[in-house]
Every structure is written in C-alpha cells, then in structure tokens.
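# Coordinate analysis (summary)
In case you want the letters, here they are:
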Amino acid sequence: MMKKIKLFFVLLSIIAASAAGQNLSISGKVTDTGTGQGLAYVFIQVKNNSTLNVFSGLTDQNGDFILKNLAAGNYLLSVSSLGYYPVTIKVRVGDASQGAVKIELKPALIPLGEVQVSSLRYNKLERDVALPVTVVPREYFPRQSAITLSDVLSREPGISLFRDGGWSTSINIRGLGENRMVSLVDGNRIETASDLVAGLSMFDVNEIERVEIIKGAASSIYGTGALGGVVNILTQKGQFYDRPIIHGSATGVYQAVNNLLGTHIAVESGSKAWKVRLSGGYRTAGNYNTPDGVQPNSQFTDQNVNATLGIRPLVNHELEINAQHFQAFNVGIPGGAPFGSLATATYPEERRQLISGKYTIKNLFPKMDEISLRIYHQYILRDVELIPNTPATVIGNTRLTAEKVLPRGEHNTSGMVLETKWKTGKKSQLVGGIDLWQRKLVTSRDKYINQGILDAFGEVTTTMEVIRSEKPNPDSRFASAGIFVQHESSLLNDKLELTLGARLDRIRVANDLGLDPFGLTINGVVKDPVPNQRIIFAADTIGAWSWSANASALYHLIKNLDLTANVGRSFRSPSLEERFKYIDLGSKVRLGDPNLKPEKGLFGDIGLRIWKDRLQVQANGFINYLNDMIVETPGVFIYILNTGPDAGLTDTLPALKNANVASALLTGFDASVNYQLFSNTVIYTKASYVRGINLQQKEDLPLIPPFSAGVGFRYHVPGVFTVEWTTHWVAAQKKIAIGETATKSYFLSDFSLYSATKELGVTSFQLFAGVDNVFNKSYRNHLATNRGMILVEPGRNVFVKLVMRF
C-alpha cells in the first residue's frame, strides 16, 4: 500500500512539473528611447526556436506586457509599433536568471511596414504581404481634417475620392467604384445601394483602429464583389490586460470650412479574463464653403454609440460581442445624379446598426492554431426626401404638380463565418472555412402629387392629393454560401513566400412579385384594386455557382528589397438593384434583369518594395480585365397589366435595360517613396495612374480618375511637435466616356501641425491643427463632377483637434 502511495505522489509531482513547464511566462516593459515613457499597444511576439510555435500580445497603457502559457526553451522576441524601428532579441524562458525584459524603441520617421494586416484571414505584417495592400492606422486620422473616412483613404496612392455632398462620400480603387469592391466592418459585409454614396460615411473615424485596403481582385478571400478590391474597417474594441486597468480618451474638433463641431468620448477597462469598451461621438456641420461661395444643402448631423464586451471563459478561449449604432440626420445631398438640377434632396435619417459575436479557440489540436465562429447582423436604413421644385405640367384639363418624393430602403444583412487555421508544416500554414451571408432588401417610393382639374379659363375647379406608392425594387433576397481555402508556405530558404487560394460560392437570389404602382391613395382614400397596375417582375428564385482563385508570391531578392507578383480570377454577382431596378421616367423606364450573369475578372499585379531605415519604396503596376460587365442598353420593357379592363394583356415601353454586354481593360500603376533626408526631416512623394477602355466599343470607360501625384515633407522635433506640408497635383482628364465632362488640372496644398503628447498628472494632452486647401483653390473633382452636380469642391479648411487621454 505504501508503495502505491509513493508511486501516486511521484506521478503527481511529474504531472505538476510538466504543467509548470508549460505555464511559464515572460514579462517586460517597452519604452521610447527619447522620452523614457512606456509605449501602449506595442505588438509583442515570441517564437519558439524548436517548435516554431508563435505567441503574441500587446503592451498595456504603461508599456508593460506579459506572455503566459509558454514552454521552457529559447525564443525570439520581436517588438514592433507604428512609428518605431522594430527590435528582435533572444530570450530564454525557464531560466531563473532571465528577469523582466526591458526594450527601448527608437522613433522612425518613415513607414516600415510594421503594421499588422488581418484581412487575408491570417495576421501578417504589412511588409510581408504579397498582395498590394494599404494600411491606414488610427494614428493617421487625428492628423487630418477627416470629415469622412473617404477623405482620409483618398490620400493613399491608387485611391480616389468622390462625393455627393459634404457627408456623402466614397472611394474609387484603381478605376473601380464601390459597386465593384467589398466593404467590411470588422470583417462583416456592408451591403447597401451605391447609386447615392454613403456606405463609407456611416463611421466615426475616432472609432477606427485601422483600415486595410486590398487594391486588386480578392474574391477568393471574400467572395462576390471584390473585382476591384476590399476595404476592411477595423474598429477599436479594447484589450485584455494582466491586471485590472481603466483608461479612456476625450476628443474635441472644430473645422472652419463648414463650422463643424464634434466630440468623442471613449472609456475602456480590462483584466486577464474580461474587457469592456464604451464610446460615442456627436458632430454637427453647416453648409461648406467653396472658393465660389457656399455649397447649398451640404449640412449634416451625425452621432454614434459603440460597445464591446470580451471574456475568456477558459484558457485559449475568447468570446467577443460588439454592438455599433450610427445615425445621421438632415444630411444634404447637393450632388446626386438621379435628381434634377432644381431639386433639393436630403437624408432625413441614415442609420447603421451592427451586432456581432465571435468565439475563438486557440491550440485546440496540435496542428490547429485557431478555430473561430463569427455571427453578425447589420441593418442599414437609407431614407431620402426629394423636393423636385419643378413647375406644374398641364395635360389637357389637368394640372400636375410634383410636391415631394420619399424613397426609402431597408438593408438587412446577416452572416456567419467559420474559420480554421492550420499548421501544415514548419514553414507553411493553411486557412480554410465557410462564409455564409444573406441580404434582404425592402424598398419603397411614395410620390406626392397635386392634381388640379381646370375649367375652360384655366382656373382650378377641383384639387386632388395623390400619393402614388411604388417599389423601386420588389422585396428580394440575395444569399451566398462560400467555401474558401488559403495556403501559405516559405520556400528556397525563406527567400520565397507563396500563397495559393481558392473559393467556391453558391449564389441564390429570390424576389417577390413586383407591381407598379404598388398602391394609390387619392384624398386619403386607398384605391383597391390599384387601377392600371403593371406586373414588372414575376416572383422567382435563381441559383448559380461561381468560383475564384489567386496566387501570390513575395521574393526577398536581397536584404530589404522584395519583389511581388499576384494573379487572380474574381467575380461579382449582380446586385439586387441591378437585377430588379425599376425607375419610371414617363416615356421610358430604366430596368434591371433578374437573369444577369456575374461579372468576371482576371487580375495581375507586380511590385517592388524597399524597406530600409531611411528609405521606403512601394511601387506596383497592374492589369485588370473584366468580362460580362453590366451596362445600360436600349431595349424594350414588356409588362402585363394586372388590373383594369385590360388585365392580363401585355404592352411595351422603351427601356434602358441592364445587360451583360461589355468587356473592359484597366491598366495603371501606383507608387510611394519616403526618404529620411536628415535626422528629423522626411521627404515623400506618391503617384497613381489608371486607364480604362471599353473593349467592345473601343471607348474610354466612365468615372476613371486622372493621373495624380504629390510631394511633401515632414519635420519632427522630438518631444515637441511635428509639422507637415503636402502639395498634390491632379492632371486634366480628357479621356472620357460619351456624356462625361472633361476636367482641368489643379494643384492643392495642405498643412498640418501636431504636438507631442504632454502629460499632466494622470492625464495627457495632444493638439492637432492644420489647413486643407491652403490657397483656397477652386477646382473640380472629376469623379464628383461626372456623378452629379458637385461642380466645386470645399475651399480652405482650418481645423483644430484636442485629444485628452486618461
């Protein structure tokens, strides 16, 4: 019996020792070499030299970090943060002589590609990604006026801004607009109409952690829509910490160009097992000024509230729940192309609501690094009020006056992503999973018409108030089920990094019966049945398969010089608006086609990158061939009368009907150079160009941005301030499509100044200021001009921001 007891205690000691050996940790502190202050949110990574297992984390507000659950052995510890040179050192875990690690980071004045990228479904540094990727981190946003997210993104090469107003903006990536790119928030799809831009306007830039833009085909990663690229907006969600911590920030902003006043407050707390973040903001702005006067109807007001809760119920388990609510009110739309030149259009309310949850398990199996399940639902309301301001029309003895039109769209998108990450070898990994999502679209359009009956002298004898209710799209649903896989491996003694990916999608589109008009009310009395009602679209369900693939290579030619090559096949299934559009113009209609085929693309990109301490170069050339492009073509609308004496009969109207008739070729390049001229001075330049041709018609494609280039300098006084000046030149655009307007070249100059962080007790302050369009230059943005009636862009804008952290 005693022998058994001794054996039991021996086994227990062995198990305890083994468990202890697997639960070692390494801790330390990261500071700035110049100021000695601890650096928050620095990325820490350790890699076991024997097993090649990788563990990572972030420093807390004071610059402290700890990585736990490590086995004894030799590790490489890498430390990187935006604006600092990375550091890598050797450490020994389990050695009693190894105390807390102290690491000092030296400020870097040029980007070094040390920002994390997660949009490829696995985390990598920007410099290690073969695809043409641009990352805009949160540190960039306060340095600019940043009225909208698009204003900030458009400063990157290959990305162009277009606007329908001061608030309603979007971007164009290498010649393709938002209807041919995928927009995401925290990996969740943003699905909304694109005839009036607003998809990227429904965000407070103070909530953003970083934005990752893939400039090129990415359907093999995200499925339908990614012909031209992907924009992934990653929001701030708080952090886990080794000990309980609470901190926050408050931001105030003023902009002179539209008298914008804004504020934002965020508070977050966390410990080993939980984290929470609460934040919100409010802005209000009047009409913006241009060099030629005030732009009427360009005002806006918006507000947002965000909340995140995270818990770690078990070791290597994490649950994160996030809620976002954004609203905009009384948003002027001075430049929407669908409206007449006399019309006044506004968004009485725009709303975006997102609820998402993600459960992640790490190291579940020896070869499985991670498995995660993400579920989300996003609701977007697009509510428009249009006052036509047109004179009455007299037809016979009837006078018709259009009083107002109220279009409304409700977009509900629900999705689920199951993702697994596998270690397939010492130098290879695989990501695979399932991506399911569905969009439901419900639209309405009420036309308020005053109808007067005239006598022989032209005097009104009887008045009727008519409400004609329409559905621009029948109630419809778009569902996608995709299976994806991405495999990455290092070859040739780590000289070559190769990525291969593929995706298969099943698309299902269903619609209810489409009727026009949907309803009719005269003097408050609802007409049933609706007289002279047409059947526009029969109820139907359509299914189709689509596939995509990509291959990417990054070759380390010599130290700090890389070559990249990418090829891909992408697709875009027609949207619900393109399939079921119905706009009655009186003598003709604009019409969708439920049986449209997917647009398909073949994409190629080659690049060169230099990552040196004093020199950074990124240059890419690309070619993008698109087939079965959807364009409007003259045709005939054949409809069935649903009510009245001729019910059941067919009739026709001239129509502009969507059809797959075009193929196109887009070619171009974008490049940027940063050079540290002196210890405190950086000069930089950037340029981008794209040419788009309709191969069928041998004509230029519409809405192609002109060649642009910029040059600037940044001067940094350590611990005091940084000053920056940039001058942009945009060339004339004369290669235009039929019906477009050519635009002239122009220069713009911007200036910014931001202080170093100054501590005061338990708080710190940082001041940002600057001037956009310093010389108050009057100019036309080619994309905005040819979308609608925005003929002059905003003028000189002086902005000031104060950020307090505690």
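What counts, and at which threshold
Residues numbered from 1 in each chain as written. Predicted model: local features only at pLDDT ≥ 70, side-chain atom pairs only at ≥ 80, totals over all residues. Heavy atoms only, no water. Helix = DSSP H or I, 4+ residues; strand = E, 2+ residues; numbered from the N terminus. Rg over C-alpha atoms; globule rule 2.2 N^0.38 Å. Buried < 20%, exposed > 50% of the residue type's maximum accessible area, 1.4 Å probe, protein only. Lys, Arg positive; Asp, Glu negative; His and termini not counted. Charge placed at Lys NZ, Arg CZ, Asp CG, Glu CD. Pairing = 2+ DSSP bridges. Axes fitted to C-alpha atoms, helices over the stretch in contact; angles between N-to-C directions. Core = buried A, V, L, I, M, F, W, Y, C linked by side-chain atoms within 4.5 Å. Phe/Tyr/Trp six-rings, centres within 6.5 Å; stacked < 30°, edge-to-face > 60°. Contact = heavy atoms within 4.5 Å. Polar contact = N/O pair within 3.5 Å; in protein donor to acceptor, adjacent residues only side chain to side chain. Salt bridge = Lys/Arg side-chain N within 4 Å of Asp/Glu carboxyl O. pLDDT = per-residue confidence, 0-100. Patch = residues over 30% accessible without salt bridge, like charges linked within 9 Å, V, L, I, M, F, W, Y side chains within 5 Å. Areas by Shrake-Rupley, 256 points an atom, 1.4 Å probe, with all protein chains shown as cover.

### What about the overall build of the protein chain?
A count of helices and strands for the protein chain gives five helices and 50 strands. Taken against the 2.2 N^0.38 rule, which gives 28 Å for 806 residues, the C-alpha radius of gyration of the protein chain at 29 Å falls within 12% of a compact globule. Projected onto the principal axes, the alpha-carbon positions of the protein chain cover approximately 115 × 70 × 50 Å. Scored against the burial criterion, the 806 residues of the protein chain give a buried share of 52%. Each charge sign in the protein chain was given a centre, from 83 positive and 71 negative side chains, and these centres are 8 Å apart.

### A word on the sheet that holds strand S1 (residues 24-32)
Pairing is mixed across the open sheet formed by three strands, whose spatial order is S4-S1-S7. Strand pairing shows two members of the sheet lacking a second neighbour, strand S4 (64-70) and strand S7 (101-105), which therefore form its edges. Pairwise comparison of adjacent strand axes, ignoring direction, gives a mean angle of 25 degrees for this sheet. Note: S1 against S7, five bridges, orientation parallel. Residue glycine 28 lies in a different strand from S7, and its bridge partner there is valine 101.

### Digging into the pairing of strand S43 (residues 681-694)
Pairing of strand S42 (residues 650-678) with S43, which is carried by 14 bridges, proceeds in the antiparallel orientation. Following the sheet pairing, glycine 668 is matched in S43 by valine 690. The antiparallel hairpin formed by S42 and S43 contains two residues in its connecting segment. Examined bridge by bridge, S43 and strand S45 (residues 708-717) share eight bridges and lie antiparallel to one another.

### Digging into the nonpolar core
Of all hydrophobic cores here, the largest spans 61 residues; its most connected members are Leu153, Trp167, Val211, Val231 and Phe637. Per element, the largest residue contribution to this core is four residues, and it comes from strand S25 (residues 368-387).

### Overview of the sheet that holds strand S3 (residues 54-58)
Sheet strands associate in pairs through backbone hydrogen bonding, adopting either a parallel or an antiparallel arrangement. Taken in spatial order, the four strands of this open sheet run S3-S2-S5-S6, and their pairing is antiparallel. Each edge of the open sheet is held by one strand with a lone partner, namely S3 and strand S6 (87-93). When the angles between neighbouring strand axes are averaged without regard to direction, this sheet yields 25 degrees. Pairing of strand S2 (residues 43-48) with strand S5 (residues 73-80), which is carried by six bridges, proceeds in the antiparallel orientation. Residue pairing in the sheet places lysine 47 in a bridge with leucine 76 of S5.

### Structural notes on the packing of aromatic side chains
Scanning all chains against the criterion turns up twelve aromatic pairs. The interplanar angle of 70 degrees and the centroid separation of 6.1 Å between the aromatic rings of tryptophan 167 and tyrosine 347 together place this pair among those described as edge-to-face. Here tryptophan 167 is found in the loop between strand S11 (159-163) and strand S12 (169-173), whereas its partner tyrosine 347 is found in strand S24 (residues 344-365), with 180 residues between them in sequence. Take tyrosine 347: its relative accessible area is 0%, and that puts it in the buried class. Measuring from ring centre to ring centre gives 6.4 Å for tryptophan 725 and phenylalanine 751, while their planes differ by 55 degrees; the resulting arrangement is tilted.

### A word on the environment of aspartate 60
Structurally, the position occupied by aspartate 60 is in the loop between S3 and S4. Measuring from C-alpha to C-alpha, the distance between aspartate 60 and leucine 309 comes to 18 Å, with 249 residues separating the pair along the chain. With residues near it in sequence (within four places) discarded, aspartate 60 still touches Leu39, Ala40, Tyr41, Tyr241, Arg243 and Ile245. Polar side-chain contacts of aspartate 60 include one of 3.4 Å to the side chain of arginine 243.

### Some remarks on the pattern of salt bridges
If you walk through the whole model with that rule in mind, you get 47 salt bridges. Between lysine 275 and glutamate 320 there is a salt bridge whose closest N-O contact spans 2.7 Å. Of this pair, lysine 275 sits in strand S19 (residues 274-285) while glutamate 320 sits in strand S23 (residues 317-332), and the two are 45 residues apart along the sequence. Judged by its relative accessible area of 5%, lysine 275 is buried. As a salt-bridge pair, lysine 427 and aspartate 494 come within 3.4 Å of each other at their nearest N and O atoms. Here lysine 427 is found in the loop between strand S27 (398-425) and strand S28 (428-454), whereas its partner aspartate 494 is found in the loop between strand S30 (476-491) and strand S31 (496-511), with 67 residues between them in sequence. The class of lysine 427 is partly exposed, set by a relative accessible area of 45%. By relative accessible area, which is 38% here, aspartate 494 ends up partly exposed. By sharing partners, the salt bridges in this structure join Arg121, Glu419, Asp435, Arg503 and Asp505 into a single network.

### Quick word on the confidence of the model for the protein chain
For the protein chain, the mean per-residue pLDDT works out to 89, and 95% of the residues sit at or above 70. Counting interchain partners and residues more than four positions distant, the pLDDT-below-50 stretch residues 4-21 has three contacts.

### Brief notes about a nonpolar patch on the surface
Judged by side-chain polarity, Tyr675, Leu677, Phe678, Ile683, Phe713, Tyr715, Val720, Phe721 and Leu753 come together as a nonpolar surface patch covering roughly 730 Å² of accessible area. If you list the elements that add at least two residues to the nonpolar patch, you get S42 and S45. In terms of residue count, S42 provides more of the nonpolar patch than any other element does, three residues in total. Checked against the element boundaries, tyrosine 715 lands in strand S45. By relative accessible area, which is 34% here, tyrosine 715 ends up partly exposed.

### Digging into the pairing of strand S50 (residues 797-805)
In this sheet, S50 lies alongside strand S17 (residues 245-255) in antiparallel orientation, the contact comprising seven bridges. In the sheet register, glycine 252 faces S50, and the bridge partner there is leucine 802. Pairing between strand S49 (residues 763-772) and S50: nine bridges, direction antiparallel. Residue pairing in the sheet places glycine 770 in a bridge with phenylalanine 799 of S50.

### A few points about the environment of aspartate 128
Here aspartate 128 shows up in the loop between strand S9 (124-125) and strand S10 (133-137). Sequence-wise, aspartate 128 and glutamate 577 are 449 residues apart; in three dimensions their C-alpha atoms are separated by 38 Å.

### Looking at the side chain of histidine 556
By secondary structure assignment, the location of histidine 556 is in strand S36 (residues 540-558). Polar side-chain contacts of histidine 556 include one of 2.8 Å to the side chain of aspartate 562. Beyond its immediate chain neighbours, meaning those up to four positions away, histidine 556 contacts Asp494, Lys495, Glu497, Leu561 and Asp562.

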